[in-house]
Structures are given as structure tokens and as C-alpha cells.
Amino acid sequence: MNEKRWLISFILILLTLILTMDIIALLTYFFAKAYLYFIRNIPVEISLFELVRILKGASLVGIIVGIGCWYISFKKY
């Protein structure tokens, strides 16, 4: 695999998985808040600090999974 293709595949896999993990984390957060509001009658308090923590954690997991997926695909070549 040449240098340019290696770098492009690494960046694309990494960006895709970071964005996907962020979207999944935010959807889970908002569905949990909606469940607590509608089913348990707990008032909704959306904190910016919580959202930043969730996005940082999901981005870190996306980076780890992205590197792992890239390594597996690189190992095939």
C-alpha cells in the first residue's frame, strides 16, 4: 500500500468512527433524558458540562476503535 493511500484510509476510518460514536452517544443521552422525563417524571436538565464529557469520551472510543479497524484492514494488505 503506497503512502498516500495509507494516510487517506487512516484519516477516513478515524473520522467516520469518531463521528459515529459521537452521534450514538448523543442519541443515547437524549433518549435517556426523554425516558426519564416521560416515564419517571424527572425534570430535564441538560448540562453543557455533561455533553462535553460525553463527546470527549465518545471521541476517545472512536479513536481507539478507528485505529483498531485501520490496523486490521492494513494487516490484510
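On a predicted model such as this, the values are computed, not experimentally measured, just so you know.

J.: Any chance you could explain the overall build of the chain here in plain terms?
T.: Within the chain, the regular secondary structure consists of two helices and zero strands. Put simply, of all contacts in the chain between residues at least 6 apart along the chain, 71% involve residues at least 24 apart. In the chain, 8 positive and 4 negative side-chain charges are present, and the distance between their average locations comes to 10 Å.

J.: What should I look at first to understand the side chain of D22 in this one?
T.: With respect to the helices and strands, D22 occurs in helix α1 (residues 3-38). The side chain of D22 sits in the buried core without any salt bridge; K56 is the nearest counter-charge, 12 Å away.

J.: For this particular structure, what's the right way to read the packing of aromatic side chains?
T.: Each pair of aromatic rings is reported with the distance of its centres and the angle of its planes. Evaluation of the coordinates by the stated rule reveals three aromatic pairs. Summarising the aromatic geometry, the rings of Y37 and F38 are spaced 5.0 Å apart at their centres and angled 75° between planes, so their arrangement reads as edge-to-face.

J.: What's the story with helix α2 (residues 48-76) in this structure? I'm lost.
T.: When the terminal C-alpha atoms of α2 are compared, their 42 Å separation across 29 residues agrees well with the 42 Å that a helix rising 1.5 Å per residue should span. Those residues of α2 that fall on the buried side of the exposure criterion are L51, A58, G62, G66 and W70. In this structure S47 caps α2, since a side-chain oxygen of it lies 3.3 Å from the backbone nitrogen of F49.

Analysis parameters
- Residues numbered from 1 in each chain as written.
- Predicted model: local features only at pLDDT ≥ 70, side-chain atom pairs only at ≥ 80, totals over all residues.
- Heavy atoms only, no water.
- Helix = DSSP H or I, 4+ residues; strand = E, 2+ residues; numbered from the N terminus.
- Contact = heavy atoms within 4.5 Å.
- Lys, Arg positive; Asp, Glu negative; His and termini not counted.
- Charge placed at Lys NZ, Arg CZ, Asp CG, Glu CD.
- Buried < 20%, exposed > 50% of the residue type's maximum accessible area, 1.4 Å probe, protein only.
- Salt bridge = Lys/Arg side-chain N within 4 Å of Asp/Glu carboxyl O.
- Phe/Tyr/Trp six-rings, centres within 6.5 Å; stacked < 30°, edge-to-face > 60°.
- Expected span 1.5 Å × (residues − 1).
- Polar contact = N/O pair within 3.5 Å; in protein donor to acceptor, adjacent residues only side chain to side chain.

Such coordinate-based values are descriptive only and should not be taken to indicate function.
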